[in-house]
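Observations on the three-dimensional arrangement
So the chains spell out like this:
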Amino acid sequence: MPALKHLSRTAQEQEIWAAIDADGGVIVDNFIPADLLARLRDDAMPLVRGHTPGVQGGNDFWKEFHGEATKRITGLAGKSTAWRDLLCDPVYRAMGDHYLGADNYYLNTGQLICIGPGETPQMLHRDELNWPEAAGQDHEITITAIFALTDFTEENGATVIAPGSHKWPGAMPDVPEGSTCQAVMKAGDALLYSGKVIHGGGKNRSADQWRVGLHAGFCLGWLRAEENHQLTTTLEEARTMPEHVQRMLGFRSYVPPAAARLGLVNYEDAGLLLDEA
Ligand SMILES: O=C(O)CCC(=O)C(=O)O
């Protein structure tokens, strides 16, 4: 039976990266300190209660991918100071720096994914196929964490993942029977995983449990992020945020290691707009 390794929050970063490299993902137990978890839940749960499941627009593929009994809440940076604090977590940042290069990435999305009773299994996928032309390289173009804000159980839709599938050839190979497991986690744990590993949200067989995860990944700075953070966060709000959060949301321009700058304003770094308040 395939399984993911569990590591403790105090594990050496190299040990965490080695587990991701070997299996495509790892669970870090107690990733989020208890006080921060409580603040995240205080911020998140009213949003979850006020949100309607399913998606309004889009085609049938999009509706199925989203999930008819799933609530997805984005634009979190403007809604939760706790999320901003988690975004600055040193191990989470180190994961981005290690796989994508320091200052070489942005937040792809930071969304609550709340899988409700009766939800069917999400189609299995690789996150990097958001950008098919850039996918399939030896290096990562995206790397993600799913933070458990409630317990993730087999019954309530814990993420399904195929350990080792980040090394399987082909864009989206078949997933043999018996090659997946579920990322069963306690609230506060985190699943960290490669953009190449095959995974998806699990089926929620419970009568009344909502599985709430904070699905938050990074992508290379020259890729278009899934979420349009600059339309959900105002310039005024961005000015109050830590510099790292401003950068993650794209309010600071991308200065790649060996090419032109991207995301400029008046042909200057967009960060000047923030600094000139
Ligand atoms: O919610 C989950 O467990 C995974 C969701 C996911 O992979 C996605 O929507 O891209």
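Residues numbered from 1 in each chain as written. Predicted model: local features only at pLDDT ≥ 70, side-chain atom pairs only at ≥ 80, totals over all residues. Heavy atoms only, no water.

What to know about the side chain of Glu-227
For Glu-227, the location among the structural elements is in the loop between strand 10 (211–220) and helix 6 (229–232). No salt bridge forms around the buried Glu-227; measuring N to O, its nearest opposite-charge neighbour Lys-79 is 7.3 Å away. A distance of 2.8 Å separates a polar atom in the side chain of Glu-227 from a polar atom in the side chain of Thr-109. Residue contacts for Glu-227: discarding those within four places in its chain leaves Thr-74, Gly-75, Leu-76, Asn-108, Thr-109, Gly-110 and Thr-232. (Helix = DSSP H or I, 4+ residues; strand = E, 2+ residues; numbered from the N terminus. Buried < 20%, exposed > 50% of the residue type's maximum accessible area, 1.4 Å probe, protein only. Lys, Arg positive; Asp, Glu negative; His and termini not counted. Salt bridge = Lys/Arg side-chain N within 4 Å of Asp/Glu carboxyl O. Polar contact = N/O pair within 3.5 Å; in protein donor to acceptor, adjacent residues only side chain to side chain. Contact = heavy atoms within 4.5 Å.)

Regarding the packing of helix 1 (residues 13–23) against helix 5 (residues 90–100)
With their axes 11 Å apart at the nearest point, helix 1 and helix 5 run at an angle of 55 degrees to one another. Considered as vectors, helix 1 and helix 5 are oriented oblique to each other. Helix 5 is crossed by helix 1, and the crossing has right-handed handedness. Mapping the contact onto sequence places Glu-13, Ile-16, Trp-17, Ile-20 and Asp-21 in helix 1 and Pro-90, Val-91, Ala-94, Met-95, His-98 and Tyr-99 in helix 5. (Axes fitted to C-alpha atoms, helices over the stretch in contact; angles between N-to-C directions. Parallel < 35°, antiparallel > 145°, perpendicular 65-115°, else oblique. Left-handed = near helix turned anticlockwise from the far one by under 90°.)

As for the sheet that holds strand 2 (residues 25–29)
On the basis of which strands lie adjacent, the open sheet formed by seven strands has the order 1-2-8-5-10-4-3 and mixed pairing. Strands at the two margins of the open sheet, each flanked by one partner only, are strand 1 (6–8) and strand 3 (70–73). Neighbour-to-neighbour, the strand axes of this sheet turn through a mean angle of 25 degrees, independent of strand direction. Both strand 4 (residues 105–115) and strand 10 contribute to a ladder of 10 bridges, which runs antiparallel. Within strand 10, the residue paired with Cys-114 across the bridge is Val-212. (Pairing = 2+ DSSP bridges.)

Focus on the state of the cysteines
For the structure shown, the criterion picks out zero disulfides. Unpaired in terms of disulfides, Cys-88 finds its nearest cysteine sulfur in Cys-219, a separation of 17 Å. Judged by its relative accessible area of 24%, Cys-88 falls in the partly exposed class. (Disulfide = S-S within 2.5 Å.)

Thoughts on the pairing of strand 10
Regular strands show a simple pattern: their side chains alternate between the two faces of the sheet. Within strand 10, 10 of the 10 residues are buried, which leaves the element mostly enclosed by the surrounding structure. Pairing between strand 5 (residues 142–148) and strand 10: seven bridges, direction antiparallel. Considered in strand 10, the bridge of Ile-143 is made with Phe-218.

Here's the deal with the layout of surface pockets
If you add up the space inside the largest pocket, you get close to 650 Å³. The wall of the largest pocket is formed by 37 residues, among which Trp-62, Phe-65, Arg-72, Gln-122 and His-125 lie closest to the centre. For the lining of the largest pocket, the elements supplying multiple residues, two or more each, are helix 3 (60–66), strand 3, strand 4, strand 9 (199–200) and strand 10. Considering every element that reaches the lining of the largest pocket, the biggest residue donor is helix 3, with six residues. When its residues are assigned to classes, the lining of the largest pocket shows 13 nonpolar, 15 polar and nine charged. What the second largest pocket holds in volume is close to 470 Å³. In terms of lining residues, the second largest pocket is bounded by 26 residues, among which Tyr-106, Arg-224, Gln-230, Gly-250 and Gly-263 are the most central. Listed by contribution, the elements that provide at least two residues to the lining of the second largest pocket are strand 4, helix 6 and helix 9 (271–275). For the lining of the second largest pocket, the two domains that each supply at least three residues are domain 1 (6–227) and domain 2 (233–277). (1 Å grid on protein atoms, 1.4 Å probe; cavity = no way out; pocket = protein on both sides within 12 Å on 5 of 7 lines; lining within 4 Å. Points joined across faces, edges and corners; volume = space filled by probe spheres on them. Nonpolar A, V, L, I, M, F, W, Y, C, P; charged D, E, K, R; others polar. Domains from an automatic or database assignment.)

So, the side chain of His-166
Checked against the element boundaries, His-166 lands in the loop between strand 6 (160–161) and strand 7 (181–182). Judged by its relative accessible area of 13%, His-166 is buried. In terms of polar contacts, His-166 uses its side chain to reach the backbone carbonyl oxygen of Asp-21, at 2.7 Å. A distance of 3.4 Å separates a polar atom in the side chain of His-166 from the backbone nitrogen of Gly-24. With sequence-adjacent residues up to four places away left out, His-166 is seen in contact with Ile-20, Asp-21, Ala-22, Asp-23, Gly-24, Arg-126, Ser-194, Lys-196 and Val-197.

Regarding the site of the ligand
Looking at the ligand, the residues that line it are Phe-65, Arg-72, Ile-113, Gln-122, His-125, Ile-146, Thr-159, His-199, Gly-201, Arg-211 and His-215. Between an oxygen atom of the ligand and a side-chain N or O atom of Thr-159, the distance comes to 2.6 Å. The protein chains hide 96% of the 300 Å² of surface that the ligand would expose on its own. One can see that the ligand is located within the largest pocket. Along the lines of polarity and charge, the residues of the shell around the ligand split into three nonpolar, six polar and two charged. (Near = heavy atom within 4 Å. Areas by Shrake-Rupley, 256 points an atom, 1.4 Å probe, with all protein chains shown as cover. Sits in = over half its atoms within 2 Å of the grid points.)

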